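Commentary on secondary and tertiary structure
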Amino acid sequence: MTSEIHRRREIDTSRPHPARVYDWLLGGKDNYPIDEAVGERLPVEARTAALQNRQFMHRAAAWLAGQGIDQFLDVGTGIPTEPNLHQIVQEVTPTAKIVYTDNDPIVLAHAEALLISHPAGATDYIEADVRRPEEILEHARNILDFERPIAMSLIALMHFIPDDQDPYDIVRNLLAPLPSGSYLVLSHAASDRYEELAAQVTAEYAKGGIRLGFRSRPEVVRFFDGLELVDPGVVTAPEWVQSTAGPATPEGSGIYAGVARVP
Ligand SMILES: C[S@@+](CC[C@H](N)C(=O)[O-])C[C@H]1O[C@@H](n2cnc3c(N)ncnc32)[C@H](O)[C@@H]1O
């Protein structure tokens, strides 16, 4: 099942966009020369970070599906890159329902790939800005049952929301209507792991007009306030491994990641 895609906006190829730069970092083809130029100027570690981040999403989604979670609200989805979240989740639970949202028109242009749900389940896409959580929630209610647990994922999204845009209130508002047993899945670029690289990445994005707000570990932990962190807590992306998946790979990473349960 799919539903209508909302509002078509122009794709602006005169300036770089986060979704397209990230696609370039992951080796994708859905980006423009202006995005590639930013990617080329970033330190090579940014490509590793993008992959580590994506792999964290794969592990967290599979783990949550294994816990019986069958409703997902993924905010800041990005350009489709296989496997997408619904493919991971519906492999475990074909009837699972997934709502995707992003504010970039390029993601909307490729959203058809996100809407190829397992016939037993459902996927949907809305073009929406995380800074307007009520719009996202209103739409998600058309597909998801807010009486049952929902996993909300904000993967590599909140570092695009600097402090003056109330990132913590946004996450609190998104979580407010989720029932007990729901989950928050969040990853975030670190300001306190490779400080020089973080400053370099921030400066390169700023040249392209993209504001970044990388955060320290305590600042990332704050997004999980009031929730029950799942082991191993807020760690770097490659370290977020559940015991059944074997030991964590010892890799350096500038991405923090965590999963927590709504009590
Ligand atoms: C680095 S990508 C991460 C994509 C995907 N979540 C992943 O981790 O593989 C960040 C995504 O957040 C989206 N984004 C940035 N600011 C946003 C906002 N204010 N509202 C919604 N999405 C936003 C971008 O368009 C982009 O697709």
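Note: the structure precedes this text.
All of the points below concern the structure found in this document. (Residues numbered from 1 in each chain as written. Predicted model: local features only at pLDDT ≥ 70, side-chain atom pairs only at ≥ 80, totals over all residues. Heavy atoms only, no water.)

With that settled, consider the packing of helix α1 (residues 18-25) against helix α2 (residues 33-41). Direction vectors running N to C along α1 and α2 enclose 60°, while the axes themselves pass 9 Å from each other. The angle between the axes of α1 and α2 places the two elements in the oblique class. In this structure, α1 crosses over α2, and the sense of that crossing is right-handed. Between α1 and α2, the contacting residues are Arg20, Val21 and Trp24 on the first element and Ile34, Asp35, Glu36, Val38, Gly39 and Glu40 on the second. Grouping the constituent residues of the contact of α1 with α2 by class yields four nonpolar, one polar and four charged. (Axes fitted to C-alpha atoms, helices over the stretch in contact; angles between N-to-C directions. Helix = DSSP H or I, 4+ residues; strand = E, 2+ residues; numbered from the N terminus. Parallel < 35°, antiparallel > 145°, perpendicular 65-115°, else oblique. Left-handed = near helix turned anticlockwise from the far one by under 90°. Contact = heavy atoms within 4.5 Å. Nonpolar A, V, L, I, M, F, W, Y, C, P; charged D, E, K, R; others polar.)

A separate point is α2. Turning to α2, its buried residues number three or more, namely Asp35, Val38 and Gly39. Viewed end-on, α2 has its buried residues packed into an arc of 100°, placing them on one side of the element. Elements that come into contact with the buried residues of α2 comprise α1 and α8 (195-207). (Buried < 20%, exposed > 50% of the residue type's maximum accessible area, 1.4 Å probe, protein only. Arc of directions from axis to C-beta.)

In this section: empty space enclosed by the protein. Per the stated rule, a full pass over the model turns up one cavity of 30 Å³ or more. Estimated volume of the largest cavity: approximately 40 Å³. Along its surface, the largest cavity is lined by Met57, Ala60, Ala61, Leu64, Phe72, Leu85, Ser153, Ile155 and Val185. If you list the elements that add at least two residues to the lining of the largest cavity, you get α3 (45-66) and β4 (151-155). Among the elements that make up the lining of the largest cavity, the one with the highest residue count is α3 (four residues). (1 Å grid on protein atoms, 1.4 Å probe; cavity = no way out; pocket = protein on both sides within 12 Å on 5 of 7 lines; lining within 4 Å. Points joined across faces, edges and corners; volume = space filled by probe spheres on them.)

Quick look at the nonpolar core now. In a soluble, globular protein the nonpolar side chains are often hidden away together inside. Counting residues in each nonpolar core, the largest one holds 51 residues, and the members touching the most others are Phe56, Leu64 and Val259. Ranked by the residues each element gives to this core, the list is headed by α3, at ten residues. Excluding anything up to four places from it in sequence, Val259 contacts Phe56, Ala60, Trp63, Leu64, Tyr183, Leu184, Val185, Phe224, Glu228, Leu229, Val230 and Trp240. The next biggest cluster of nonpolar side chains, apart from the first, holds 35 residues, and it includes Leu144, Phe146, Leu186 and Val262. (Core = buried A, V, L, I, M, F, W, Y, C linked by side-chain atoms within 4.5 Å.)

Here the focus is the layout of surface pockets. Here the second largest pocket is characterised by a volume of approximately 160 Å³. Lining the second largest pocket are Tyr168, Val171, Arg172, Leu175, Arg222, Phe223, Asp225, Gly226, Leu227, Val262 and Pro263. Among the residues making up the lining of the second largest pocket, the classes are represented as seven nonpolar, one polar and three charged.

In terms of burial, strand β5 (residues 183-189) is largely enclosed, as seven of its seven residues are buried. By the alternation rule, side chains of β5 split into Tyr183, Val185, Ser187 and Ala189 and Leu184, Leu186 and His188, which are all buried. Here β4 pairs with β5 via five bridges, running parallel. Bridge pairing in β5 links Leu154 to Leu186. For the segment spanning β4, helix α7 (residues 167-175) and β5, crossover handedness is right-handed. Here β5 runs beside strand β8 (residues 255-261); their pairing, made up of seven bridges, is antiparallel. Bridging across to β8, Val185 finds its partner in Val259. (Pairing = 2+ DSSP bridges. Right-handed = clockwise from strand over helix to strand, strands pointing away.)

Further remarks concern the site of the ligand. In the neighbourhood of the ligand, 19 residues make up the surrounding shell, with Tyr22, Asn53, Arg54, Gly76 and Asp102 lying closest. The side chain of Asn53 places a nitrogen or oxygen atom 2.8 Å from an oxygen atom of the ligand. At 2.6 Å from a nitrogen atom of the ligand is found a main-chain nitrogen or oxygen belonging to Gly76. Expressed as a share of its isolated accessible area of 590 Å², the protein-covered part of the ligand is 96%. (Near = heavy atom within 4 Å. Polar contact = N/O pair within 3.5 Å; in protein donor to acceptor, adjacent residues only side chain to side chain. Areas by Shrake-Rupley, 256 points an atom, 1.4 Å probe, with all protein chains shown as cover.)

All we've got here are geometric facts, nothing functional implied.
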